[in-house]
Structures are given as C-alpha cells and as structure tokens.
2 protein chains.
Amino acid sequence: MPDDQPRPTGLLDRLQALLGPSGLLSAPEDLAPHLTDWRGLYRGRAPFLLRPANATELSEAVRLCAGAGAALVPQGGNTSMVGGAVPDESGLQVPVSLARLNRMRDVDPVDMTMTVEAGVVVKAAQDAAAAAGCLFPLSFGGEGSATVGGVLSTNAGGNTTVRYGNARELVLGLEVVLPDGRVWNGLRRLRKDNTGYALRHLFVGAEGTLGFITAAVLRLFPRARESEVAFCAVASEEAALSLFRRFRDRDETAVRAFEYMSGAGVDLVARHVAGAALPVETRAGHYALVDLASSRPDAGLRGMMEAVLEEALEAEEVLDAAIGGSEAQRAALWRIREEHPEAQRLAGASVKNDVSVPVSKTPELMRRCSEALRALVPGSVPVPFGHLGDGNIHMNLLQPEDTDPAAFLARSHEIMDAVNAVVRDLGGSPSAEHGIGRLKAGILEEWRGGPELDLMHRIKAAIDPAGLMNPGKLFPP
Amino acid sequence: MPDDQPRPTGLLDRLQALLGPSGLLSAPEDLAPHLTDWRGLYRGRAPFLLRPANATELSEAVRLCAGAGAALVPQGGNTSMVGGAVPDESGLQVPVSLARLNRMRDVDPVDMTMTVEAGVVVKAAQDAAAAAGCLFPLSFGGEGSATVGGVLSTNAGGNTTVRYGNARELVLGLEVVLPDGRVWNGLRRLRKDNTGYALRHLFVGAEGTLGFITAAVLRLFPRARESEVAFCAVASEEAALSLFRRFRDRDETAVRAFEYMSGAGVDLVARHVAGAALPVETRAGHYALVDLASSRPDAGLRGMMEAVLEEALEAEEVLDAAIGGSEAQRAALWRIREEHPEAQRLAGASVKNDVSVPVSKTPELMRRCSEALRALVPGSVPVPFGHLGDGNIHMNLLQPEDTDPAAFLARSHEIMDAVNAVVRDLGGSPSAEHGIGRLKAGILEEWRGGPELDLMHRIKAAIDPAGLMNPGKLFPP
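Analysis parameters
- Residues numbered from 1 in each chain as written.
- Chains lettered and ligands numbered in written order.
- Predicted model: local features only at pLDDT ≥ 70, side-chain atom pairs only at ≥ 80, totals over all residues.
- Heavy atoms only, no water.
- Helix = DSSP H or I, 4+ residues; strand = E, 2+ residues; numbered from the N terminus.
- Buried < 20%, exposed > 50% of the residue type's maximum accessible area, 1.4 Å probe, protein only.
- Pairing = 2+ DSSP bridges.
- UniProt positions renumbered as here; feature names shortened; annotations may be inferred.
- Least-squares fit on C-alpha atoms with pLDDT ≥ 70 in both.
- Contact = heavy atoms within 4.5 Å.
- Axes fitted to C-alpha atoms, helices over the stretch in contact; angles between N-to-C directions.
- Salt bridge = Lys/Arg side-chain N within 4 Å of Asp/Glu carboxyl O.
- Domains from an automatic or database assignment.
- Buried area = accessible area lost by both parts, 1.4 Å probe.
- Polar contact = N/O pair within 3.5 Å; in protein donor to acceptor, adjacent residues only side chain to side chain.
- Nonpolar A, V, L, I, M, F, W, Y, C, P; charged D, E, K, R; others polar.
- Phe/Tyr/Trp six-rings, centres within 6.5 Å; stacked < 30°, edge-to-face > 60°.
- Lys NZ or Arg CZ within 6 Å of the ring centre and 35° of its normal.
- Parallel < 35°, antiparallel > 145°, perpendicular 65-115°, else oblique.
- Left-handed = near helix turned anticlockwise from the far one by under 90°.
- 1 Å grid on protein atoms, 1.4 Å probe; cavity = no way out; pocket = protein on both sides within 12 Å on 5 of 7 lines; lining within 4 Å.
- Points joined across faces, edges and corners; volume = space filled by probe spheres on them.

## Notes on the environment of Ala61 of chain A
Point 1. Here Ala61 of chain A is to be found in helix H2 (residues 55-68).
Point 2. A C-alpha to C-alpha distance of 43 Å links Ala61 of chain A and Ala343 of chain A, two positions 282 residues apart in sequence.

Dropping the structure here:
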C-alpha cells in the first residue's frame, strides 16, 4: 500500500486477508490511476483495487465486502465527466475495476444483437459489430477508452442519439451482480417481453448505485452503405434549427447526427489545433454539421444533401457549405467538431455545462445563456456546441484572456447556476448525457426533489439497503 | 348498488360517504361494463367505480382510499388480453376509470412530441398527430378502444414495434399519481436527461401495480409520404424469415411491419370473413405481409419492393406476391392479417399464446410448437401468426372440428405449457406484448423467479407498501 494511503480499518484488513489469495487484488503500484478522475476534479484514496475476471469472481468478492460492510465503487474506463467512478477521500471505499470482464460473448447478425461484457471498450464493440457486417451506433468522444459497462451505467448519449437513441435504447438484456452478491441473469435478446418490471432500465443510468452491470445484450443495425457529411455556415441559431428540421422532415432516418458549433468555438479550433482549418470560405457566427447515412445501396444521399442545402441557401439560412467528397474529407469536417473540447482546453480554463432543452428551445437557450454569461463574467467567451438535433448543448464558457484561470474557475458554481436558471425556465435538464456523479449530486434535490427523489431513495433502499454501492454519487449528500 | 353486488364493508361505506359528494362515483347502473374483461375470462364485483376528471381529483380520491386501506384497480379502455383491468370477485376492490382524463394537452411538430392524458383513445392520439402533419406510430388491433394510459401501463407492442419500438420507446415523460396520492410531474420532453433513475420506465409496463399514469409526453415522427404493402405466399417459415432479412438489410428504416400468417390462418379468414379473399393465386402453407413506409418524397419504395421480391422469387422463397396499388388495396391486404382473431373466433374455441423468441428462432418456434400441439390435441389446428419481424408470434390453437369447445378449453393450461416449453428452450418470453395481468400471474415465479422476481417484490414494497395498487395482477398469488 502506498505511503500516502490511510491504513485500512480492521474491517478492510480482514477483507484484504480474505481476498488476497484470490488474485483479485491489484498490486499497490497499480492503484493510483484508479483514484483520480481524468478531469482531475477529485483525488480519492483506497486500500486496494478489486479486479475480478468474471461475474462469478465479482459475485464472491461483493458477498465478502457486503458481509464486511465495505463500500464499493464500480469503475469502467474511468472517463466520467462528473467524478462518478472514483472513490472518495476516506480511504474506506473499495474501487472495483470491471476491465478484466472483457469478452465479446456473441455477435449475431440475424438477431441483430451482440452480447458483451462490461469491460469491453466501446470502440472494440463497434469494431466487432462491423466485422459481422453490422453497426453498433453509440458514438462519442471517449469511445476509445469508455467501456460498455460504464456507458450503460451512465446512459451515455453522444453524437448519434438523434437517430439511434441513448445507450438505454440499445440495451435488450443485462447481467447484473447485485449489492448482496447475487447474480441476475437477464441476458435476453427479445424485442418484446412484457413479464414484469423493466429492471434493465433501472440499472441503466443508475451510475453504479444499484449494482454492477457485468454484461449486456446490445442492439445492432445494418451498416451504412452510403454516408454524406456537410459543414455549413449558418445565419443564426434559429437557422441551424431550421436546417435540422428540413433534413428531419425529408428523412428523419437518414440524419445520423446534427451538430451545432458557434463561430467562437470554430475560431478556437482553427487557432489552436494544427491542421484544422475552416472548410468554408465564409466566416460566420454559427455553424452546423450534418451527417447523413443509410443502409440503402441506392439511398441517393448526395442528392438529398444538395437539395436540402439548396433550399436552405435560398432561404438564407445557410450562408455557405462544404460537402465531404471522400472518407478523409468527411473525417476532416467531423474533426472540427470533435476538437472543440481540446481547443477550449488549449485556450484556457473553461466551465462545462452539459444541458438539454426541448429541441425547439435550443436557439433561445444559447442566446439567453450567452447573454447572461457575458454579463456575469465580462470578457468571457461563451462557446456553445453539441447535439442540437437532440436538444443537448454543451453550454461552455471560456475564461477572459487576461484573467487568472483559478479566479475564473472559483466562479464555476455561479456560472453553472446562471446557465441552469435558463435551462430550468425552458423545461430542460441540468445533466443531459454526463450524469450526476459526484460533481452534480448537490443539485439533484433542487431539480428532482419531492416525489421523484423520494422514489429514487426508496428504490435505492430497497435494492441496496446497506448503501454500499457507490456512495456519494448521484444522491444529494 | 346492484343487488348482485356484495354490501361494502364499513370501510367502503365510509369511502362512499366521503367520495359521494365529489361527483366521482359512477351511477350503479354504469358499473357493470367495468367489472368484466372483454374476453369474458373474469367477472368481478365492486361497490362503485371512481371516475375522476383530472389528476387532482384522482390524487384526492387515492389519498382517501389509501387512508381507508381500499385496493384500487386502474382501468383504461378495458381491452386487456389478460384480465389486467378488472376488480376481483371480493367486492372490496375499487375500479378507477381514467376515461375522463381525455384531453390532448399539446401537439408540437417542432419538438415532435405530444402531451396527452391517460384516457385519450390511441386512435384519437394518432389522429391528433396526423392533424399536425406527424405520425404517432403505435398501432394494433384494439387501437380504437385502448387508451394511452392503458397501453403505457402494459407497454403495448403491436404491428410497428419492428420499426418504432414498443410503447415504452415512445415515452419521454410521465405524470403519475402515486399510491399515497402524491402527484409526480415528470412530463419532460427531452431526448437526453440523465438526472437519476429512469422512473418512467418503471411505471411503463407495471400494469398499474405502482400507481396511475395520468398523462404522458409521447414521441412523434414525420408522417409517411410513401408506403407500399405486399402480400406474399412463401415457401416455409424459414423463407418468411429470409424475406424479412432481405428487406431489413436493404433498408431497416423502411420496414414498418413484417407479419407472418400460416396457410391455416389465411384459409380461416377466407372461409369465415365476408369479402376477405386470398389476394394471390397460389394457395400456400405460409404467407408474409410486408409494409414499407418512408417520409422521403422520393423514397422509391415501389422499386425497392419489386426488387427484393424479385430476388426472393428467384431464390424460391417467395412463391407468389400481390402488391397493393392503392390505399384501398393496401387496406384489403392488411385486412387478411387483421381478421385473424375474428376468423378464429368464428371457427370455434381457441387457446391464445402471445410469445416471443429471438427473431432467428421464429421458424423453429412455429414448427416445434405446431408439432407438439398436434400431438397433444389430435385434430386441433395450430394457427401461428403475428409480428415475425420482432420475434412475437401468436401461437394460437384452434379446437378440433368435432370436439366440445368447453372440453377443449379445459385443456388450456396443458396447451400453454406445451408452447411455453418450446419458448423456454429457445430463450423466449411467455408474454411478449399482452403482459401478465391476472391470467398469467401464476407463471411469473417459474419464468422470472430468483433475484429478478425478488427485485420486483422489493420495488413494489418500496413504492406501494400497503399493496393497494391493482392487487392480484402481475405478481404470483
């Protein structure tokens, strides 16, 4: 155990003695990366890390820990945006890595399902589906590190929610190790099954507070045979929404992603990221990225793209557009959107707001938040971007150029409150796709208090009566 | 109170005195239709019917009933296939009709949502969406009587699940009156919202055992601008599956429905239903109905239909096919499928089995069940039909011609057991879209026993600790 770790209590000593011979414990030197979230918001402590290789080992370890009253913290790729997967500072919480549960159990192109273990990286799941001629559509920035168990536990969203739904909609069945160590095998691959409560939907998005997701049956789709990407300079936030509506009305099934970027955000990417130049001649205050795809070999997406852009150009909603003519060009257009977080990081300190509103309210959300934030922090730069097609905007704020980053970040809560006031007024959510974790646990009472939070508490108490699963996350302290 | 009803207990007398002045109580002569399910499986008793006009009235009535310890039975259109919406024979359960909560609160073609109250009939919801230029896609035989609250509480499926999912997938937000009378307003219209447990998914499909769904925000889709329907004679169960795969692979988003019918079933329709003639020249052992639709004005579905059928004819999977050339012709082709229940009713007594398996197993399911049923009841006629595209087959059995219907129906449980043995072997579900209700409560222990049923019991106890919501339904007696 590293010197900077507290001595475990007698209880944890006993656990360590019991578990030591099992081979489930990490070497002390391997512990450190599991104690800090990648954003660097939290730095926890722990006596050891559990690394089970399968659900049976996990089940036995959980039974021992439950008997000893030890709190457990599930961890997948440790890519949480809200500190959801690291232990607290007490040294009494035991992190459990699911990384060794990494088998692809089955890919079935007739049922259009795959059965994968929790530790499989999302990108690996995408690749396994593709190798069988299918598509696993979940896609987002962290897909190269995030694991299936993590994205299900947090109900990840990403770029393709507008077409395929969130992680939740992709799940047909689950295997779960419950807080008392029992294993629930619900790995069914059925599109219709009305036999009691939909338990899988309770574990999906529960952020590890109800048990460990150890495997899942996921839905697959036919692979795309055509795809088209356009990067558009648009006249306003309203014009971006109108452009989305034009595509959706024409063929909602073809819109794989529809992303908004502000002029400020695109400028930051062009300035800070090597090789990411503006692909259109017109420098604008607003941009949209449209990604169309279809499994039809004769979908005619290029024609559809050009026809809709032509309409929108005539309506003066679109000012200029570049259509990617090759896979490399399409990737280059996407890169401008994907480098937004990195460009913001290189430009200084940022406060991130992962919020959503009804799609119709996205223009008002961005306008009102930007105004409020500029007034709150003079000289700061609002950089809204994200998934306009599903109403999820990352309403981020970049520090003023001449300010101390720490002084700016010290105002994080004021900034989040200013955004959330607008979000609340528009019937939105203060956490669209990142979840609550530890970072936002403080706001749940305000947003979901009353009967809703009471129901959550009752369910938590019913399934994890000792409160050992991921304490300090999701629920208000 | 009608003479054949038992006298209420003192408790119910008191309730009646409290509620009488509220105008919520039905006249005694209006009670009868609410006591019997439409299949005629059960005949309950009750002291009175509650008919609240809105969630506030329901909330107050539930609070009174909870205080008095009166059990409540939610009822929508009373179209349950499994006796899920009628009170038992004790005379102590109070049926609650949601029919007066029938306002369409809002239809929004930008957000692509509508907010409707529980008592709105599904067909009326479809019509309201259509009037706004949108599609509410849930569609099934009982849509002219079933209500939104009922189809959400039972997570109805139907013909379009293959394309749009079950009722569950169409719900963004809910308003619920809880068993203690509190109202949870979760009427959010967000595609992304990760703020705690997904409570809406707990109430959807709970069959009224956790509370009353009083309103919902439902997803809408662009209306179809092209549609095509074909009725095909196919070579075998396997050929039907193969035909489905050809269409799905070409464009899974265009397949609005894919239905299987046996030769026996189509013969029954032709024999018993006036004006429902076989639309193809070839009389076959198996048929499939394909329904394609797209919002694209230039989808070219006729060309796609012809191209895929041509391939399948060459592969000798399809033996003959008729494509509907007009709206009337398409309706006529659908009618052969839709009249299956009525034709079976006219032909004699039937035992119904609403089962599902992974899509790849549908041919094996139908073959094995048919063999087992013919062996079990010599002379009986297996009539499998239904939603092959989502794995849900109605594996029905018609009585032998020369048998007493009552003697045949007396063997219902044997027949269901024979079907369920195959379903279990194939990893399926004994209730695909009809739910458990009272009819199937006895099988839940066998199918979902162990940790899964234990979790359901814990959730039930956490949310409805007094057990007043729809007792005798869903859970094993």
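## Examining the pairing of strand S11 (residues 255-262) of chain A
Residues and elements named next belong to chain A.
Point 1. Of all 8 residues in S11, 7 are buried, a share of seventy percent or more.
Point 2. Here S11 pairs with strand S12 (residues 286-294) via 7 bridges, running antiparallel. Within S12, the residue paired with Tyr260 across the bridge is Ala288.
Point 3. As defined by bridge partners, S11 adjoins strand S16 (residues 381-387) across 2 bridges and the pair is classed as antiparallel. Each bridged residue has a counterpart across the sheet, and for Met261 the counterpart in S16 is Phe385.

## As for the pairing of strand S12 (residues 286-294) of chain B
Point 1. By the criterion of burial, S12 of chain B is predominantly enclosed, with 9 of the 9 residues buried.
Point 2. Covered by surrounding structure in S12 of chain B are His286, Ala288, Val290, Leu292 and Ser294 of chain B together with Tyr287, Leu289, Asp291 and Ala293 of chain B, the residues of both alternating faces.

## Considerations on the UniProt feature "domain: FAD-binding PCMH-type" (unreviewed entry) in chain A
Point 1. As recorded in UniProt, the feature "domain: FAD-binding PCMH-type" (unreviewed entry) lies at residues 42-223 of chain A.
Point 2. The span residues 42-223 of chain A is 21% helical and 24% strand by assignment, and the distance between its end C-alpha atoms comes to 40 Å.

## Notes on the relation of the copies chain B and chain A
Point 1. Note on the copies: chain B fits chain A at an RMSD of 0.0 Å, the axial shift is 0.0 Å, and the rotation between them is 180 degrees. On this basis, the relationship between the two copies can be described by a two-fold rotation axis.
Point 2. The share of interface residues of chain B whose copies in chain A are also at the interface is 100%, consistent with both copies meeting through the same surface.

## Looking at the sheet that holds strand S6 (residues 171-177) of chain A
Residue and element names in this part refer to chain A.
Point 1. A sheet is described by the order of its strands in space; here 5 strands give the open sequence S3-S4-S8-S6-S7, paired in antiparallel fashion. Of all the strands in the sheet, the pair left with one neighbour each is strand S3 (104-108) and strand S7 (183-186). Taken over all neighbouring pairs, the strand axes of this sheet differ in orientation by 15 degrees on average, direction set aside.
Point 2. Across the sheet, H2 touches S6, S7 and strand S8 (212-219), and the angle it forms with S6 is around 45 degrees.

## Quick notes on the pattern of salt bridges
Point 1. In total, this model carries 74 salt bridges over all chains according to the counting rule given.
Point 2. With a closest N to O distance of 3.0 Å, Arg411 of chain A and Glu414 of chain A form a salt bridge.
Point 3. Residue classification places Arg411 of chain A among the partly exposed positions, given a relative accessible area of 27%.
Point 4. With a closest N to O distance of 3.4 Å, Asp111 of chain B and Arg189 of chain B form a salt bridge. Of this pair, Asp111 of chain B sits in the loop between strand S3 (104-108) and strand S4 (113-117) while Arg189 of chain B sits in the loop between strand S7 (183-186) and helix H6 (199-203), placing them 78 residues apart in sequence.
Point 5. Accessibility expressed as a relative area gives 9% for Asp111 of chain B, which makes it buried.

## Structural notes on the domain arrangement of chain A
Residues and elements named next belong to chain A.
Point 1. Splitting chain A by domain gives domain 1 (104-222), domain 2 (226-341) and domain 3 (348-425).
Point 2. On a C-alpha basis, the centroid separation for the pair domain 1 and domain 2 is 29 Å.
Point 3. For the pair domain 1 and domain 2, the summed buried surface comes to about 600 Å²; carbon and sulfur atoms form 60% of the total.
Point 4. For domain 1, the biggest contributors to the area lost against domain 2 are Asn159, Val162 and Arg163; these three give 74% of the whole.
Point 5. At the junction of domain 1 and domain 2, the tally comes to 0 salt bridges.
Point 6. Along the contact surface separating domain 1 from domain 2 lie 1 residue pair in polar contact (both at pLDDT 80 or more).
Point 7. Top contributing element to the side of domain 1 that touches domain 2 by residue count: helix H5 (residues 161-164), with 3 residues.
Point 8. Here the side of domain 1 that touches domain 2 is composed, by residue class, of 3 nonpolar, 2 polar and 1 charged.

## A look at the packing of aromatic side chains
Point 1. All chains considered together, the criterion is met by 10 aromatic pairs over all chains.
Point 2. When the ring of Phe231 of chain A is compared with that of Tyr287 of chain A, the centres are 5.4 Å apart and the planes differ by 40 degrees; the resulting orientation is tilted. Placement of Phe231 of chain A in strand S10 (residues 226-234) and of Tyr287 of chain A in strand S12 is noted, with a sequence separation of 56 residues between them. Tyr287 of chain A shares its class with Phe231 of chain A; the two are buried.
Point 3. Its end group placed over the ring of Trp447 of chain A, Arg424 of chain A keeps NZ or CZ at 4.5 Å from the ring centre.
Point 4. Here the basic side chain of Arg163 of chain B rests over the ring of Tyr164 of chain B, its NZ or CZ set 4.3 Å away from the ring centre.

## Re the packing of helix H12 (residues 362-376) of chain B against helix H14 (residues 412-425) of chain B
All names here are of chain B.
Point 1. Where H12 contacts H14, the axes come no closer than 10 Å and their chain directions differ by 150 degrees. Between H12 and H14, the interaxial angle falls into the category roughly antiparallel. Considering the relative orientation of H12 and H14, their crossing is right-handed. Residues Leu365, Arg368, Cys369, Leu373 and Leu376 of H12 lie in contact with H14, whose contacting residues are Glu414, Ile415, Ala418, Val419, Val422, Val423 and Asp425.
Point 2. In terms of residue class, the contact of H12 with H14 is made up of 9 nonpolar, no polar and 3 charged.

## Section: the sheet that holds strand S8 (residues 212-219) of chain B
Residues and elements named next belong to chain B.
Point 1. Pairing is antiparallel across the open sheet formed by 5 strands, whose spatial order is S3-S4-S8-S6-S7. Each of the sheet's edge strands pairs with one partner strand only, and the pair in question is S3 and S7. Going across the sheet, the axis of each strand differs from the next one's by a mean of 15 degrees, ignoring polarity.
Point 2. Pairing of S3 with S4 involves 4 bridges; the strand directions are antiparallel. By the bridge assignment for S4, Asp108 is matched with Thr113.

## With respect to the environment of Leu398 of chain A
Residues and elements named next belong to chain A.
Point 1. Relative to the helices and strands, Leu398 resides in strand S17 (residues 392-398).
Point 2. Since its relative accessible area comes to 5%, Leu398 is described here as buried.
Point 3. Spatially, the C-alpha atoms of Leu398 and Gly265 are 9.8 Å apart, while their sequence positions differ by 133 residues.
Point 4. In contact with Leu398, not counting residues within four places along its chain, are Leu268, Gln344, Ala347, Gly348, Ala349, Ser350, Ser380, Val381, Val383 and Phe408.

## Concerning the interface of chain B and chain A
Point 1. In this assembly, 89 residues from chain B lie in contact with 89 residues from chain A.
Point 2. Across the interface of chain B and chain A, roughly 7400 Å² is buried in total on both sides, 52% from carbon and sulfur atoms.
Point 3. Per-residue buried area on chain B facing chain A is highest for Lys192, Asn194 and Tyr197 of chain B; these three make up 14% of the total on that side.
Point 4. On inspection of chain B and its partner chain A, the count reaches 14 salt bridges.
Point 5. For the salt bridge of Glu433 of chain B with Lys192 of chain A, the shortest nitrogen-to-oxygen distance reads 2.9 Å.
Point 6. On the surface where chain B and chain A come into contact, there are 63 residue pairs in polar contact (both at pLDDT 80 or more).

## Thoughts on empty space enclosed by the protein
Point 1. In the structure shown here, the tally under the stated rule is 3 cavities of 30 Å³ or more.
Point 2. Roughly 280 Å³ of volume is contained in the second largest cavity.
Point 3. Lining the second largest cavity are 31 residues; nearest its centre among them are Asp251, Thr253 and Ala254 of chain A together with Asp251 and Thr253 of chain B.
Point 4. Only H5 and S12 of chain A together with helix H5 (161-164), S12 and helix H9 (301-314) of chain B provide two or more residues apiece to the lining of the second largest cavity.
Point 5. When its residues are assigned to classes, the lining of the second largest cavity shows 15 nonpolar, 6 polar and 10 charged.

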